[in-house]
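Listed here are the chains, written in short residue letters.
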Amino acid sequence: MLFDTHAHLHFPDFADDLDAVLERARAEGVRGMVTIGTDRETNRAVVELAGRWPDVWATVGIHPHDAAEATEADFEEMEGLARSEAKVVGLGEMGLDFFRNLSPRDVQESVFRRQLVMARAVAKPVVIHCRDAHAETLAILRDEKAGETGGVMHCFSGDVEVARRCLDLGLLISLAGPVTYKNARALPDVARFVPADHLVVETDCPYLPPTPHRGKRNEPAYVALTAARIAELRNVDAAELGEVTTRNAARLFRLRLD
Ligand SMILES: [Zn+2]
Ligand SMILES: [Zn+2]
């Protein structure tokens, strides 16, 4: 069994064949998927999509790329969805992206903090996006007591030291397709380092397909390839890794898998 903790199933990339995509995922043993909102429009879309299937859940958030565009009404709507929709199991993605800097850094930081405060108010875990901003992200997570709601560092891209500091804050580490790449940098070490009860897996589809699908569209079925590579690195059975990461995902998002 497997669980894709981070997908963007509502993106236009899946508009033509989503049913087939979900069927292929289930055939690979994917027991659940979380489709992740990034702005006002996608926050509406994820809730609508998750309502259509029992094995798809949603999160609502403002991505750092979209931080500069976010209005007061967007935050209010996001909080309303988080409070009223049972299928909304977390807030995010939120965080800092100092690689692309599509929003000014100070705006990214204030939008990030505001969502962490909201997560504590609605008592739901957070999905964190962090690119080239580990020190700043960790400082904000500590300041805003992210450990109280719990959360996950999605598509983890740091090294073992960064992973250790995330674990100290009480967060889970989610590994995506890049751990399968030849140029995986520190990720194989991270895959071996993270304690079994703090590890989850994701696709971040349609982005970041694992080997051998690079250059194509990613989809939840391929989370099996990422999990298999992590199992190999940890020298454990793939089935065992699938089971423990699925259990961790269910605990993180406080959901029951039938
Ligand atoms: Zn992200
Ligand atoms: Zn994402």
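I keep staring at the overall build of the protein and nothing clicks. Help me out?
If you tally the helices and strands in the protein, you get nine helices and eight strands. The C-alpha atoms of the protein give 17 Å as radius of gyration, which agrees with the globular expectation for 258 residues (18 Å, within 12%). Projected onto the principal axes, the alpha-carbon positions of the protein cover approximately 45 × 40 × 35 Å. Per-residue burial over the protein gives 50% buried out of 258 residues.

So what exactly am I meant to see when it comes to the sheet that holds strand β5 (residues 126–131) here?
By way of backbone hydrogen bonds, the strands of a sheet pair with one another, either parallel or antiparallel. Within the open sheet, the eight strands sit side by side as β1-β2-β3-β4-β5-β6-β7-β8. Their pairing is parallel. The strands lining the two open edges of the sheet, one partner per strand, are β1 (2–7) and β8 (199–201). For this sheet, the mean inter-axis angle between neighbouring strands, taken without regard to orientation, is 30°. As paired strands, strand β7 (residues 172–175) and β8 are joined by three bridges and run parallel to one another. Directly across from Leu175, in β8, lies its bridge partner Val201. Sitting on the sheet, helix α4 (residues 105–122) is in contact with β4 (88–97) and β5, with an inclination near 160° to β4.

Just checking my understanding: could you explain the nonpolar core for this structure?
Side chains of a nonpolar character, in soluble globular proteins, are inclined to be buried together. Of all hydrophobic cores here, the largest spans 78 residues; its most connected members are Ile173 and Leu175. Excluding its chain neighbours within four sequence positions, the residues that come into contact with Leu175 are Phe156, Leu187, Ala191, Val201, Thr226 and Ile230.

Could you clarify how one ought to interpret the environment of Asp19 in this entry?
Relative to the assigned elements, Asp19 resides in helix α1 (residues 18–27). A count of 11 C-beta atoms within 10 Å places Asp19 in the exposed class. In this structure, the C-alpha to C-alpha distance between Asp19 and Ala184, residues 165 residues apart in sequence, is 32 Å.

When you look at helix α2 (residues 40–50) in this model, what are you seeing that I'm missing?
Of the residues making up α2, those classed as buried are Thr42, Asn43, Val46, Val47, Leu49 and Ala50. Projection of α2 onto a plane perpendicular to its axis shows the buried side chains occupying an angular sector of 165°, all on one side. Across α2 from its buried face, at more than 90 degrees, point the exposed residues Glu41 and Glu48.

Which parts of the structure should I look at to understand unusual backbone geometry?
It is generally the case that most residues other than glycine have a negative phi and that most peptide bonds are trans. Cis geometry marks the peptide bond from Gly92 to Glu93, where omega comes out at 15°. By secondary structure assignment, the location of Glu93 is in strand β4. The omega torsion of the bond from Cys205 to Pro206 falls at 10°, within 30 degrees of zero and hence cis. In this model, Ala123 sits at a positive phi of 55°, which is unusual for a non-glycine residue. Assignment of secondary structure puts Ala123 in the loop between α4 and β5. With a phi angle near 60°, Asn235 is a residue other than glycine that sits in the positive phi range.

Any chance you could explain the pairing of β7 here in plain terms?
In β7, alternate side chains face the same way, and those of Leu172 and Ser174 on one face and Ile173 and Leu175 on the other are all buried. The pairing of strand β6 (residues 151–153) with β7 spans two bridges and is classified as parallel. Across the sheet, Val152 pairs through a bridge with Leu172, a residue of β7. Taken together, β7, helix α7 (residues 187–193) and β8 form a β-α-β motif whose crossover is right-handed.

Explain the environment of Met78 to me, please; I cannot follow it from the model alone.
The topology assignment puts Met78 in helix α3 (residues 72–84). Sequence separation between Met78 and Ile62 is 16 residues, and the spatial gap between their C-alpha atoms is 8.6 Å. Not counting chain neighbours up to four residues away, the residues in contact with Met78 comprise Asn43, Val60, Gly61 and Ile62.

Got a minute to help me understand α1 in this structure?
Residues separated by three or four positions in an α-helix point in the same direction, a consequence of the helix having 3.6 residues per turn. Within α1, burial applies to Val21, Leu22 and Ala25. One side of α1 carries all its buried residues, which in axial view fall inside an arc of 95°. Within α1, the exposed residues directed more than 90 degrees away from the buried face are Asp19, Ala20, Glu23 and Ala27. For α1, the elements touching its buried residues are β2 (30–36). Count one or two residues on from α1 and you reach Gly29, which has phi positive near 95°.

Please explain the packing of helix α8 (residues 223–234) against helix α9 (residues 238–252) as it appears in this structure.
To characterise two packed helices, one gives the angle between the axes of the helices and the distance between these axes. Where α8 contacts α9, the axes come no closer than 9 Å and their chain directions differ by 110°. Comparing their axes, α9 and α8 come out roughly perpendicular. Helix-helix and strand crossings are classified by hand; for α8 and α9 the assignment is right-handed. Counted together, Ala227, Ala228, Ile230, Ala231 and Arg234 of α8 and Ala238, Leu241, Gly242 and Thr245 of α9 form the full contact between these two elements. Partitioning the contact of α8 with α9 into residue classes produces six nonpolar, two polar and one charged.

Calculation criteria
- Residues numbered from 1 in each chain as written.
- Chains lettered and ligands numbered in written order.
- Predicted model: local features only at pLDDT ≥ 70, side-chain atom pairs only at ≥ 80, totals over all residues.
- Helix = DSSP H or I, 4+ residues; strand = E, 2+ residues; numbered from the N terminus.
- Rg over C-alpha atoms; globule rule 2.2 N^0.38 Å.
- Buried ≥ 20, exposed ≤ 12 C-beta atoms within 10 Å, placed from the backbone.
- Pairing = 2+ DSSP bridges.
- Axes fitted to C-alpha atoms, helices over the stretch in contact; angles between N-to-C directions.
- Contact = placed C-beta atoms within 7 Å.
- Core = buried A, V, L, I, M, F, W, Y, C linked by C-beta atoms within 7 Å.
- Arc of directions from axis to C-beta.
- Right-handed = clockwise from strand over helix to strand, strands pointing away.
- Parallel < 35°, antiparallel > 145°, perpendicular 65-115°, else oblique.
- Left-handed = near helix turned anticlockwise from the far one by under 90°.
- Nonpolar A, V, L, I, M, F, W, Y, C, P; charged D, E, K, R; others polar.

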